[in-house]
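Each chain, letter by letter, is given below.
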Amino acid sequence: MPGVEEIKNNLISKLRYSLCLDLKDATHADIFNALALTIRDFQLDSFFATKHYQKEAKSKRLYYLSMEFLLGQSLRNNLMNLGLYPAAHQALNELGFDFEDITAEEPDAALGNGGLGRLAACFIDSMATLDIAASGHGIKYEYGLFKQSIQHGRQVEQPDDWHSTHSPWLIDHHSQLMLIPIGGHIEESEDIDGNYNPMWMDWRVIVGVPHDYFVTGYGGKTVNKLRLYSAAASDSFDVHIFNRGDYLRAVSQKIASENISKILYPADEIQSGKELRLTQEYFLVACTLRDIFQEFTDKSDDITALPDAVAIQLNDTHPALAIVEMMRILVDEHRLDWDAAWDITQKTCAFTNHTLMPEALETWPVTLFEKLLPRHLQIIYEINHRFLADVAEKWPDRPELLASLSLFEERGEKKIRMAHLAIVGSHKVNGVAKLHSELIKQDLVPNFYFISPEKFTNQTNGVTPRRWIQQANTQLATFLTRQLGAGWVTDLDKLQRLKKLANDSGVVEEIQSIKLHNKQALCRLIASRQGIKVDPLAMFDSQVKRIHEYKRQLLNVLHVIHLYLGIVESGNTLIQPKVHLFSGKAAPGYAMAKLIIQLINEVARTVNNDPRTKGQLSVLFLEDYKVSLAEHIIPATDLSEQISTAGTEASGTSNMKFSMNGALTIGTMDGANIEIRDAVGAENFYLFGATAAEINTHRATGSHNQIYHSNPVIRETVDALVSGRFNLDKSLFQPIYRMLTEGDHYCHLLDFDSYRLAQHQVLTDFSQPQQWHQKALLNIAGMGSFSSDRTIKGYASEIWGITC
Ligand code: 26Q
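Keep in mind it's a predicted model, so treat the numbers as computed, not measured. (Residues numbered from 1 in each chain as written. Predicted model: local features only at pLDDT ≥ 70, side-chain atom pairs only at ≥ 80, totals over all residues. Heavy atoms only, no water.)

Caption draft 1: Fine view of the packing of aromatic side chains. Considering all chains together, one arrives at 17 aromatic pairs under this definition. Relative to Tyr737, the ring of Tyr708 has its centre 5.9 Å away and its plane inclined at 85°; by these criteria the two rings are edge-to-face. Of this pair, Tyr708 sits in helix α28 (residues 707–710) while Tyr737 sits in helix α30 (residues 734–742); the two residues are 29 residues apart in sequence, bridging distant segments of the chain. The residues Tyr708 and Tyr737 share a single accessibility class, namely buried. Of the aromatic side chains, those joined through ring pairs into one cluster are Tyr64, Phe69, Phe123, Tyr795 and Trp800. In this structure, Lys519 packs its charged tip against the face of Phe540, placed 4.8 Å from the ring centre. (Phe/Tyr/Trp six-rings, centres within 6.5 Å; stacked < 30°, edge-to-face > 60°. Helix = DSSP H or I, 4+ residues; strand = E, 2+ residues; numbered from the N terminus. Buried < 20%, exposed > 50% of the residue type's maximum accessible area, 1.4 Å probe, protein only. Lys NZ or Arg CZ within 6 Å of the ring centre and 35° of its normal.)

Caption draft 2: Representation of helix α8 (residues 247–259) within the structure. Between the first and last C-alpha of α8 there are 19 Å, a value that for 13 residues agrees with the 18 Å anticipated at 1.5 Å per step. For α8, every residue scored as buried is listed here: Ala250, Gln253 and Ser257. Looking straight down α8, one finds that the buried residues subtend no more than 65° of arc, so they occupy a single side. Structural note: α8 exposes Tyr247 and Leu248 on the side pointing more than 90 degrees away from its buried face. (Expected span 1.5 Å × (residues − 1). Arc of directions from axis to C-beta.)

Caption draft 3: Here's a closer look at the sheet that holds strand β16 (residues 408–409). The strand order across the open sheet formed by three strands is β15-β17-β16, and the pairing between neighbours is antiparallel. In this open sheet, the two strands that pair with only one neighbour each are β15 (363–365) and β16. Summarising the sheet, β15 and strand β17 (residues 415–417) pair through three bridges and their orientation is antiparallel. Counterpart to Trp364 in the pairing with β17 is Ile416. (Pairing = 2+ DSSP bridges.)

Caption draft 4: Region of interest: the pattern of salt bridges. Within the structure shown, the criterion is met by 47 salt bridges. Note that Arg725 is salt-bridged to Glu569, the shortest N-O span being 2.6 Å. In this pair, Arg725 sits in the loop between α29 (712–719) and α30 while Glu569 sits in helix α22 (residues 553–570), placing the two residues 156 residues apart along the sequence. Taking relative accessible area as the criterion, Arg725 reaches 31% and is therefore assigned partly exposed. Measuring nitrogen to oxygen at the nearest pair gives 2.8 Å for the salt bridge that ties Asp610 to Arg612. For Arg612, a relative accessible area of 46% gives the class partly exposed. A cluster of three or more residues bridged by salt bridges with shared partners is formed by Arg16, Asp22, Lys24 and Asp25. (Salt bridge = Lys/Arg side-chain N within 4 Å of Asp/Glu carboxyl O.)

Caption draft 5: Representation of the side chain of Asn461 in the model. For Asn461, the position within the fold is in the loop between β19 (456–458) and α19 (465–471). Looking at Asn461, its side chain comes within polar contact range of the side chain of Ser651, at 3.3 Å. Apart from the residues within four sequence positions on either side, Asn461 is in contact with Leu119, Phe123, Val432, Ser651, Thr653, Met656, Phe786, Arg790 and Thr791. (Polar contact = N/O pair within 3.5 Å; in protein donor to acceptor, adjacent residues only side chain to side chain. Contact = heavy atoms within 4.5 Å.)

Caption draft 6: Up close: the packing of helix α11 (residues 321–333) against helix α14 (residues 374–394). It is at 10 Å that the axes of α11 and α14 come closest, and there the two elements cross at 95°. Here α11 lies roughly perpendicular to α14, going by the angle between them. Note on element contacts: α14 touches α11 through Arg375, His376, Ile379 and Ile380, opposite Val324, Glu325, Met327, Arg328 and Asp332. Residues that form the contact of α11 with α14 fall into these classes: four nonpolar, one polar and four charged. (Axes fitted to C-alpha atoms, helices over the stretch in contact; angles between N-to-C directions. Parallel < 35°, antiparallel > 145°, perpendicular 65-115°, else oblique. Nonpolar A, V, L, I, M, F, W, Y, C, P; charged D, E, K, R; others polar.)

Caption draft 7: Up close: unusual backbone geometry. Here the phi dihedral of His152 falls at roughly 50°; this positive angle occurs in a residue that is not glycine. On the secondary structure map, His152 appears in the loop between β5 (143–151) and β6 (154–161). Positioned with a positive phi, Asp202 is a non-glycine residue whose angle comes to about 60°. One can find Asp202 in the loop between β10 (199–201) and β11 (204–216). By relative accessible area, Asp202 is classed as exposed at 64%.

Okay, structure coming up:
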């Protein structure tokens, strides 16, 4: 284990020989880079050791395919997982630098939108920690998720240039280029034995360049890799066009190829339908499968043994083309017969669904496939043909099954249903929370559940306690280690033992003072970033996540408006001062979500500038939500808002992070909230709102749209939106008003009263600090099973056939 001197010396030599800088001239950013390069060398030593033992052990390998990995910052994580944190801290101090100043220089790697991408990042941490031979595979976007600023209350997007080409964590492997064909057409032909032998002709080539990011498991024993591919143009092909004298076309094709990995699509839960997105998905899959086959054929020449050596997990349908690309490689290149290839493919692949929202289900026009991936389209037709023939044979009296199960949507423009492809080509399909997994079977694809019930399973999400407790909440981590020993970091079930301390008032006071400390730190951050002063003794109520109608930030802000009207119109006083924190990004094209951001900001301005609310109520929208900001907000929160319409949030993962950091939850019966409430105890959770079944009934009858007319408190609150109180332009929030009164699909008003009562109970309870923080302690104590280590053990044993 390197000591302080070695780190100091290596850092200085990285500055000098890799960055050509003298210590005395180095900026904080230079020091960050030099320290990161120093640490990466130690990671690499463990990486080679890991490679060696995984090879010796002939471990089955897991490939996690995801269009998103929302990594955030890496320095602190790598130092802690390698056990180098204290030495690096001291080394920096001895060189005259403050550790926090240096870590703050690291840009977040925001290669994801939200939950799905952050889950992938937690999973690769857990896989390395559990010593699983695994790798993540994604795209090295040049621009990550846009940066958000708020100007005149509105979201403004700026490009996120995270300097991917200079990231000290990435190693490029230009020598391992892969050639990916795309476009062209099929020529029907026969081989010498007279078998059908289609030829994919006239394709152009995209070049894939792998870049490796190293993932250190806790304790530093296993270092796996996350492989991110960037796209480049093929020189040889350019020459081909150049020779035909078509210079301009050659150059524009080069640009088109490089554009493939240029930018992350910033919309989640919405299907973009863009050709470039489909190209990105194919590019990821094609590069990854070349790696998988290369690694496998290096150690085996029996291709039928692939499912014993390899498991592929598809993070939603985005990489579902892996199924088709695998079939193409097995059938066209390895010359396997169809049934053998299909058996291998199904046994190898598994699919995780992350959403029930119909607008997020991926479908792609057949015409687009024909243009980009003609051979893949043929293969999908063949998969569908054989699949439906099989269904027709097994259920001859159920002909209606065929249209509902088909991989093709035939109404309107003919489209490929990627979820159906993913289900048919996988041996397991899982949801991400118990309720969600039930709804997949009952509502989303009931006919697939009918024909293959054994495929469907649940793996409730989890989050890594390394980043979300140990690193984000150092005071809580110290407390836990003192109470439980250091083992909780990799065995989070140990948290249960805190239960018996719940009646120890000294312990409860300690929980309270840790929270206060974190709130003070957040106050300093808010003051420095946004110039706003916040009282750390007020209750911090946070809703931080992507802005979506289904997540109902609007319900939260309507309640704030209600409280505000109570103060200014009825002279009410809140029992406890409150700070409402909001943070999150809206997809750039999602007008309603952007209007909700504007409403929050206008309400914030009005409330904060009104002297009558002073010392009682304030509202803040924190700009540019990202992983590193979440690490500050979550440990400083008293109340976590998890208020999606029941049946819409597949799982949620911030709900877990908050609760394990001692926030209480106000939440609906949705996603993993239900399991969290069971784990922490109903008396330590503020439940409100209609259940998923009740929501369905209300929607069916339309009764939820009558509430505005029958409930005066609600009417007063909703009317305030168009009263000019929050913006002189009375028509600005008219679209929100109309949605709430005419077509409130997410049932804001239906749940309003029940939310208001629960909020009232929260404030009453918060005025009893001892009881409140006892509940906070019991939240922490109950959260052991929401470690992503538990989730990954579940995937490993039930889906991947990997023991750990
Ligand atoms: C699809 C097609 C084209 C372009 C973009 C997309 C796209 C991109 C991202 C569709 C969906 C997403 C992201 C979905 C997501 O983050 N889902 C969340 O996954 C979490 C992890 O399982 C859950 O906790 C959340 O409940 C779920 O919303």
